[in-house]
Amino acid sequence: MTYSAEISRSNPTCFVFVIDQSGSMQDPFGGGEGGGSKGDFVADVVNRTLHDLVIRCTKTEEIRNYYHVAVIGYGGETVQPALLGELAGRELVPIAELADKPARIETRNKKVPDGAGGLVEQQVRFPVWLESTAGGGTPMCAAMGLAQRLVEQWVAEHRNGFPPTILHLTDGASSDGDPTPIAQQLTALKTNDGNALLYTCHVSSTRGAKVEYPSADANLPDDFAKGLFRMSSALPEPFVRAASQMGIAAGEGSRGFVFNGDAASVVQFFDIGTRPANLR
Amino acid sequence: MWQVHHYLTHKQGIAVRECEDALASSERSGACAVADGATEAFGARWWARLLVRGWVLRPQVEQAAFLELVTELARRAQRRWAARPLPWYAEEKRQQGSHAAFVGVRFERIDGNWRWRAIALGDSCLFHLRGTGLLLATPLSEPAQFGYRPQLVPTRPEALARCGEYIVESAGSAEAGDRLLLLSDAAACWFLQARADHDAAADQFLDLLQLGCGAGLDDLIGTQRQSGRMRNDDVAAMLLSFGPQP
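Residues numbered from 1 in each chain as written. Chains lettered and ligands numbered in written order. Predicted model: local features only at pLDDT ≥ 70, side-chain atom pairs only at ≥ 80, totals over all residues. Heavy atoms only, no water.

**Description of the overall build of chain A**
Here is the rule: Helix and strand definitions here come from DSSP, where helices need a minimum of 4 consecutive H or I residues and strands a minimum of 2 consecutive E residues; each element is numbered from the N-terminal end. Our radius of gyration is a C-alpha quantity, and the globule rule it is checked against amounts to 2.2 Å times the number of residues to the power 0.38. In this scheme, a residue with accessible area under 20% of its type's maximum is buried, one over 50% is exposed, and one in between is partly exposed, where area comes from a 1.4 Å probe on protein chains only. Should any heavy atoms of two residues lie within 4.5 Å, those residues are considered in contact. Each accessible area is a Shrake-Rupley result for a 1.4 Å probe, and residues are judged covered by the shown protein chains and nothing else.
Counting secondary structure elements, chain A contains seven helices and 14 strands. The C-alpha atoms of chain A give a radius of gyration of 18 Å, which matches the 19 Å a tight globule of 280 residues would have. Classification of the 280 residues of chain A by burial places 53% in the buried group. Sequence-distant contacts, at least 24 apart, represent 77% of the contacts inside chain A between residues at least 6 apart. Split by element, the accessible area of chain A, about 11,100 Å² in all, is 46% carbon and sulfur.

Structure (structure tokens):
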């Protein structure tokens, strides 16, 4: 059975975040939600997701290296590892090292349950590994190429691992060619537990009907959307279960794909994509 | 009069010191307990051990008294954890508190008969066995009931205040030759399924436990895990056997 490998320190899994940092990420979401720019919002959500991955691996005072994580940013002419601070320039990083080396830790206010049915504002520490940046075109092929190189290296070293998950967020069409062949090479990489998984979240600056986790491309508006759909992997059972728990109508055959997503879609996308089960 | 045998092993692939199941018994108070610290919780191993050790010294089997005892133990845990500075991730985890499944049984001789009372919260289970029959399984009695996120014994006061409705109390009488078995979740689920399948491994497990044969239990559990019949998880087991009247 595929996608059932137990995730442990001796058999970790891998997450690769591929984040569009092209100029249009400076624009707000179509509905104006999310506060500032799409880029600011996405950076916040990625930081929150990394935080949650760290917390999931925390055992009292120790972090267990269940995950290896890379964050790739692409925009303008550049495609590069996007972690900041001491981790700048690093590609795949064990989660324990990520935990110990955020670029900085901010203090933010968060509403938490007060135990009596209400909410109370509490100060929380918010580690930052990734900053919002936006400029230039959308070199998606080059970004997929870097992800492919990292995943190829990782699967060679972890033959029995839960397959790598690549979480790709973009707001526009590729400016350096058709990324489909490279994406196909990427998802052809595999461990003994299954093929690498590429999930795609497309967000938009214009208000349009969003399509989430479809199983067919019939309702997608154009060839661009259909291309992103075809690049994206079908959700294996643990991810379908995670989506269902969030009230999302995903089932067998649903692709890890969101088109015209809004701020809420981004939050859900990273949540679903980082929830493979079987942590030991 | 009565004898207790116990067995504790860690899940495959982790160190012995990382085992988050715990067990304890007290001859003086006539009590046995098993707890299973939640894998994702802060200080789960320590909380599970504190729970069983604290409970067998003061084996409270009624909800209100049980919660009072647990509140006291939870305060002790919070004080210990708050005593030193922690990195940001450990501090956040500490604030979420710890959780453990718990089952404890207290027994006494009344008018020549053995009476037992038990209290449980979560998916660690008690089984009352007579001969080859299973008289009672509590708080869960079907393999299908395992696997969901059960309500556990928490350390956070606000969570403790909400867990009363999930506490399960039970009681019974034991005859000479009866046995009470306490198991943490993976073994409890497996035991129920093995019995339902008329798999001889369930009786072998009891025999090995009663003989105190740790190596035999290691082999049996290894085989069951490898075949996929038992989930790879820590195992805590206690078998309490009642003998004839002296």
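Still more ground to cover, so stick around.
**Quick word on the pairing of strand β6 (residues 125-130) of chain B**
All names here are of chain B. Counted only if it meets this: In short, DSSP must find at least two bridges between two strands for them to pair.
Burial runs high along β6: five of the six residues are buried. Summarising the sheet, β6 and strand β10 (residues 179-183) pair through five bridges and their orientation is antiparallel. Counterpart to Phe127 in the pairing with β10 is Leu181. Pairing between β6 and strand β7 (residues 133-138): five bridges, direction antiparallel. Considered in β7, the bridge of Leu129 is made with Leu134. Where β6 folds back onto β7 in an antiparallel hairpin, the turn is made up of two residues, including Gly131, whose phi is positive at roughly 60°.

**Notes on the interface of chain A and chain B**
Which entries qualify depends on this criterion: Accessible area, probed at 1.4 Å, shrinks when two parts are joined; the buried area is that loss added up over both. The working definition used for a salt bridge is a side-chain nitrogen of Lys or Arg within 4 Å of a carboxyl oxygen of Asp or Glu. In this classification, the charged set is Asp, Glu, Lys and Arg, the nonpolar set is Ala, Val, Leu, Ile, Met, Phe, Trp, Tyr, Cys and Pro, and all remaining amino acids, among them Gly, are polar.
In this complex, chain A contributes 22 residues to the contact, which on the side of chain B involves 24 residues. Here chain A and chain B share an interface that buries about 1,900 Å² over both sides, 50% of which is from carbon and sulfur atoms. The interface formed by chain A and chain B holds three salt bridges in total. Mapped onto the side of chain A that touches chain B, the elements with two or more residues apiece are α1 (38-56), β2 (58-59), β3 (62-63), α2 (95-100) and β8 (119-128) of chain A. For the side of chain A that touches chain B, the element with the most residues is α1(A), which contributes four residues. Class assignment for the residues of the side of chain A that touches chain B results in eight nonpolar, four polar and 10 charged.

**Considering the packing of aromatic side chains**
The test is simple: Ring geometry is summarised as follows: Phe, Tyr and Trp rings, the Trp one being its six-membered ring, pair when their centres sit within 6.5 Å, and such pairs are stacked at plane angles under 30 degrees, edge-to-face over 60 and tilted between the two. Definition used: whenever NZ (Lys) or CZ (Arg) falls within 6 Å of the ring centre and also within 35 degrees of the ring normal, the charge is taken to sit over that ring.
Within the structure shown, the criterion is met by 23 aromatic pairs over all chains. A ring pair is formed by Trp114(B) and Phe242(B), whose centres lie 4.9 Å apart and whose planes are at 40°; its orientation type is tilted. Highlighted residues: Trp114(B) in strand β5 (residues 113-121) and Phe242(B) in strand β11 (residues 235-242), separated in sequence by 128 residues. Phe242(B) carries the same exposure label as Trp114(B), and that label is buried. Residue placement shows Arg108(A) over the ring face of Phe126(A); its charged tip is 3.8 Å from the ring centre.

**Here we look at the environment of Asp27(A)**
Residues and elements named next belong to chain A. Relative to the assigned elements, Asp27 resides in the loop between β1 (13-20) and α1. Separated by 10 residues in sequence, Asp27 and Ser37 place their C-alpha atoms 5.1 Å apart. In this view, Asp27 contacts Ser37, Lys38 and Ser205; residues no more than four positions away in its chain are not counted.

**Structural notes on the nonpolar core**
Applicable threshold: Side-chain atoms within 4.5 Å link the members of a nonpolar core, which is a set of buried Ala, Val, Leu, Ile, Met, Phe, Trp, Tyr and Cys residues.
Formed by 87 residues in total, the largest nonpolar core has its most connected members in Phe17(A), Val266(A), Phe270(A), Trp47(B), Trp55(B) and Phe102(B). Here this core takes nine residues from α1(A), the largest share from any one element. Filtering out sequence-adjacent residues up to four positions away, Phe270(A) remains in contact with Phe17(A), Ile19(A), Val45(A), Val46(A), Thr49(A), Leu167(A) and Leu169(A). Residues Leu150(A), Ala183(A), Leu189(A) and Leu198(A) belong to the second largest nonpolar core, which totals 29 residues.

**Describing the sheet that holds β7(B)**
All names here are of chain B. For clarity, the cut-off: Helix axes are fitted to C-alpha atoms over the stretch in contact, other axes to C-alpha atoms as well, and angles between N-to-C directions run from 0 to 180 degrees.
Taken in spatial order, the five strands line up as β1-β11-β10-β6-β7 in an open sheet, and their pairing is antiparallel. Across the chains shown, the open sheet's two edge strands, defined by having one partner strand only, are β1 (2-9) and β7. With direction set aside, neighbouring strand axes in the sheet form an average angle of 15°. Strands β6, β7, β10 and β11 of the sheet are contacted by helix α5 (residues 185-196), whose axis makes an angle of about 35° with β6. Across the sheet, helix α6 (residues 201-211) lies against β1, β6, β10 and β11, angled at about 75° from β11, the strand it touches most.

**Observations regarding the pattern of salt bridges**
All names here are of chain B. The full count for this structure, using the stated rule, is 27 salt bridges over all chains. With its nearest N and O atoms 2.7 Å apart, the salt bridge here joins Glu91 to Arg94. Taken as a pair, Glu91 and Arg94 lie in helix α3 (residues 88-96) at a separation of three residues, close to a single helical turn. Per residue, the accessibility class of Glu91 equals that of Arg94, and both read buried.

**Looking at the side chain of Lys38(A)**
Residues and elements named next belong to chain A. Here is the rule we go by: As used in this structure description, the phrase polar contact means that two N or O atoms lie within 3.5 Å; if the pair is within protein, one of them must be able to donate a hydrogen and the other to accept it, and residues adjacent in sequence are counted only when both atoms belong to side chains.
Tracing the backbone shows Lys38 in helix α1. Exposure remark for Lys38: the relative accessible area of 0% places this residue in the buried category. A distance of 2.7 Å separates polar atoms of two side chains, one belonging to Lys38 and the other to Asp171. Those residues in contact with Lys38 that lie beyond four places of it in its chain are Ser24, Met25, Asp27, Pro28, Phe29, Asp171, Val203, Ser204 and Ser205.

**A look at the packing of α6(B) against helix α7 (residues 214-226) of chain B**
Residue and element names in this part refer to chain B. We apply this condition: To sort the angles, those under 35 degrees are grouped as roughly parallel, those over 145 as roughly antiparallel, those from 65 to 115 as roughly perpendicular, and the leftovers as oblique. Each crossing is labelled by how the near helix is turned from the far one, with a counterclockwise turn of less than a right angle marking it left-handed and a clockwise turn marking it right-handed.
It is at 9 Å that the axes of α6 and α7 come closest, and there the two elements cross at 155°. Between α6 and α7, the interaxial angle falls into the category roughly antiparallel. Note on packing geometry: the crossing formed by α6 with α7 is left-handed. Two secondary-structure elements touch here, α6 through Ala201, Gln204, Phe205, Leu208 and Leu209 and α7 through Gly216, Leu217, Leu220, Ile221 and Gln224. Across the contact of α6 with α7, the residue classes break down as seven nonpolar, three polar and no charged.

**Quick look at the confidence of the model for chain A**
Note the following rule: Scored from 0 to 100, pLDDT reflects the predictor's confidence in each residue.
A residue-level look at chain A finds 95% of positions with pLDDT of 70 or above and a mean pLDDT of 90. Between the elements of chain A, mean pLDDT differs from a low of 84, seen in strand β7 (residues 104-113) of chain A, to a high of 98, seen in strand β6 (residues 93-94) of chain A.

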